[in-house]
Every structure is written in structure tokens, then in C-alpha cells.
Amino acid sequence: MRTALRALAVTAAALLAATALSPTAQASPEPRAPEEFVALRSVDPTIIQEMRYTTAHTFMGERVDGYRQPVCILTRPAARALHLAQKRLLRQGYSLKVYDCYRPQRAVDHFVRWAKDLDDQSMKREFYPRVDKSRLFEDGYIAEKSGHSRGSTVDLTLVRLPALPTRPYRPGERLTPCFAPKDERFPDNSVDMGTGYDCFDTLSHTDDPRIQGAQRANRQFLKRTLTEVGFVNLPEEWWHFTHKPELFPDTYFDFPVDRGSVGRH
């Protein structure tokens, strides 16, 4: 009897050990950001953050994979350059406002899955009213890799101070084209840039000749301010800037967007 019990105990211990070592029994830890990444707020808490991809107000109509908290994460040089630009803007009565910063690869994968689903066009009226969804890849609006995933690219705009609050998006509300007059499209406390953020339209090209007057002046003001601190604008998107030289020009990261990813930096 004693021998049988001892055999059972040994078998149970072996099963427990095997379970503990089994890959399916242990959740893999999430990747963390390298030491070169920081939360923007730790470098400059005055920059306004409206992290769109943590909300349903996106071109997909839902929160984006990998965005767990509304926190802007960037490489340290990019964050410091934004801080320098912000100091100059504050003296002129403006503030930067970021919409998106580092973007995990899993978010880009989410974009790709959505773009391939031609039946899902719930947000077309606002974000791509004049673009056939079947052309999003061909026209360059969606790609399988994004510079945002390298950590030195940011989407942003300008806000005239004092900043008024922007109301939250209500899922299911009536949508207005992103290139409609400012007082008709979704409200944003930023200056008028001629289109809203993430507007899939050639009117979003920074130097589109149809954008004139105050709208053109606002785009040039933003571009000039950021160029002076080392950023390069993507000509197809007035809001998209990359700090050069990039620390990670060939690496696409996939750690989640949350404070824990850079918590000890």
C-alpha cells in the first residue's frame, strides 16, 4: 500500500512539473520597449494627447489592436525634439496635439485585415468618401509596414490656446466627410488644416494646391516648426512627421501601447 501511494505521488509530481513547463500552461510575457523609448508625457507634459486609436473614432470604427492606454510613446530623441518645438509654440500661443505616436505591428496587421474586408465600410462617409476601399493598398493609404512601428514617427496638429475640450465620438452618430468645412466635420479643437486627421483623400497632401488661405498657412506653420527641430513631413499626410535620423530605421516593434511598456524608463 505504501509503495502504491509513493508511486502515485511521484506520478502526480511529474504531471505537475510537466504542466508547469508546458508552453500552453504559461502565458508568454508581453514584449517591452527598449530603453531608448519613453512616454512623451515624461518629457513634456504640456503637449496635448488625443490618442485616437484607443477609441472607436477611427477609419475602422473600432479601437485598434495593441492600443491599451491613451499614451504617446516615442524614441527619446523624437520626444525631446517635440519638447523643443512645444517650447517655441507656447510662446506664440499654440500647443502641439498628438493623435498617434509609436504604433505596434499588431495594429498595422489590424489595419490590413480591415482593408481586405471590403464589406466593412461603416466609416467610409467620414474617412474615405471618395476612395473605393478596394484601392486602399494600391493608393498607399494602407500598407503592411508602418514607420510608426519604428518609434520616431508621430501624427499631430496644432491647437490655439487656451485649448477647448473636444467632445468624445459617439458610435453610430451621423458622419460627415473629413474634407467638409471645419464647422461641419467632426469637431476638433485644433486649428483648421483643411481636412480632419486620417482623411484618405488627396486633399490631405501637405501642399495640395486646392488648400489655400488660413488652412495652407496653418499647414506650413506646423511643417516649418517641426522641420526646424529635425522632423521630416510625409508629403501625402499633413499630420505625419518622422524625426531623423531614426534610431531604429529597420526595426518594426510590437510591444503594446501602455505605460507598462516604458514604465521603468
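Residues numbered from 1 in each chain as written. Predicted model: local features only at pLDDT ≥ 70, side-chain atom pairs only at ≥ 80, totals over all residues. Heavy atoms only, no water.

(A) Spatial organisation of the packing of helix H3 (residues 76-90) against helix H6 (residues 213-227). Here H3 crosses H6 at 125 degrees, and the two axes come no closer than 9 Å. Viewed along their axes, H3 and H6 adopt a mutual orientation that is oblique. For the element pair H3 and H6, the recorded crossing hand is right-handed. Residue-level contacts link Leu82, Ala85 and Leu89 of H3 to Phe221, Thr225 and Leu226 of H6. Here the contact of H3 with H6 is composed, by residue class, of five nonpolar, one polar and no charged. (Axes fitted to C-alpha atoms, helices over the stretch in contact; angles between N-to-C directions. Helix = DSSP H or I, 4+ residues; strand = E, 2+ residues; numbered from the N terminus. Parallel < 35°, antiparallel > 145°, perpendicular 65-115°, else oblique. Left-handed = near helix turned anticlockwise from the far one by under 90°. Contact = heavy atoms within 4.5 Å. Nonpolar A, V, L, I, M, F, W, Y, C, P; charged D, E, K, R; others polar.)

(B) Broad picture of the side chain of threonine 75. Among the secondary structure elements, threonine 75 is positioned in strand E3 (residues 73-75). The residues touching threonine 75, leaving out its near neighbours within four places in the chain, are Glu36, Phe37, Arg150, Gly151, Ser152, Leu247 and Phe248.

(C) Region of the structure containing the packing of aromatic side chains. Counting across every chain of the model gives 22 aromatic pairs. Taking 5.9 Å as the distance between ring centres and 75 degrees as the angle between the ring planes, the aromatic pair formed by phenylalanine 37 and tyrosine 102 counts as edge-to-face. Here tyrosine 102 lies in the loop between strand E4 (94-100) and helix H4 (105-116) and phenylalanine 37 lies in strand E1 (residues 37-39), a separation of 65 residues in the sequence. In this structure, phenylalanine 37 and tyrosine 102 share a single accessibility class: buried. With centroids separated by 5.2 Å and ring planes inclined at 75 degrees, the aromatic side chains of tyrosine 94 and phenylalanine 221 adopt a geometry described as edge-to-face. Taken as a pair, tyrosine 94 in strand E4 and phenylalanine 221 in helix H6 lie far apart in primary sequence, 127 residues in all. Comparing tyrosine 94 with phenylalanine 221, the two get one shared label, buried. In this structure an aromatic cluster arises from ring pairing among Tyr53, Phe59, Tyr67, Tyr99, Phe111, Trp114, Tyr128, Tyr141, Tyr197, Phe200, Trp238 and Trp239. Taking the ring centre of phenylalanine 179 as reference, the NZ or CZ of arginine 130 above it sits at 4.0 Å. The ring of tyrosine 252 carries lysine 145 above its face, with NZ or CZ at 5.0 Å from the centroid. (Phe/Tyr/Trp six-rings, centres within 6.5 Å; stacked < 30°, edge-to-face > 60°. Buried < 20%, exposed > 50% of the residue type's maximum accessible area, 1.4 Å probe, protein only. Lys NZ or Arg CZ within 6 Å of the ring centre and 35° of its normal.)

(D) Structural view of the state of the cysteines. Counted under the stated rule, the structure contains two disulfides. Each sulfur of the disulfide joining cysteine 72 and cysteine 101 lies 2.0 Å from the other. Of note, the bridge from cysteine 72 to cysteine 101 carries an S-S torsion of about -105 degrees and is left-handed in sense. Here the residue cysteine 72 occupies a position in the loop between strand E2 (48-49) and E3, and cysteine 101 occupies one in the loop between E4 and H4, the gap between them amounting to 29 residues. Just as cysteine 72 is buried, cysteine 101 falls in that class too. The connectivity of the disulfide bonds within the chain can be written as 1-2, 3-4, using the sequence rank of each bonded cysteine. (Disulfide = S-S within 2.5 Å.)

(E) The arrangement of the environment of leucine 222 in detail. Position of leucine 222 among the secondary structure elements: in helix H6. Assessed through its relative accessible area of 0%, leucine 222 is described here as buried. C-alpha separation for the pair leucine 222 and alanine 85, spaced 137 residues apart in sequence, amounts to 9.7 Å. If near-sequence neighbours (up to four positions away) are discounted, leucine 222 is found in contact with Leu96, Leu156, Thr157, Leu158, Met193, Trp238 and Phe241.

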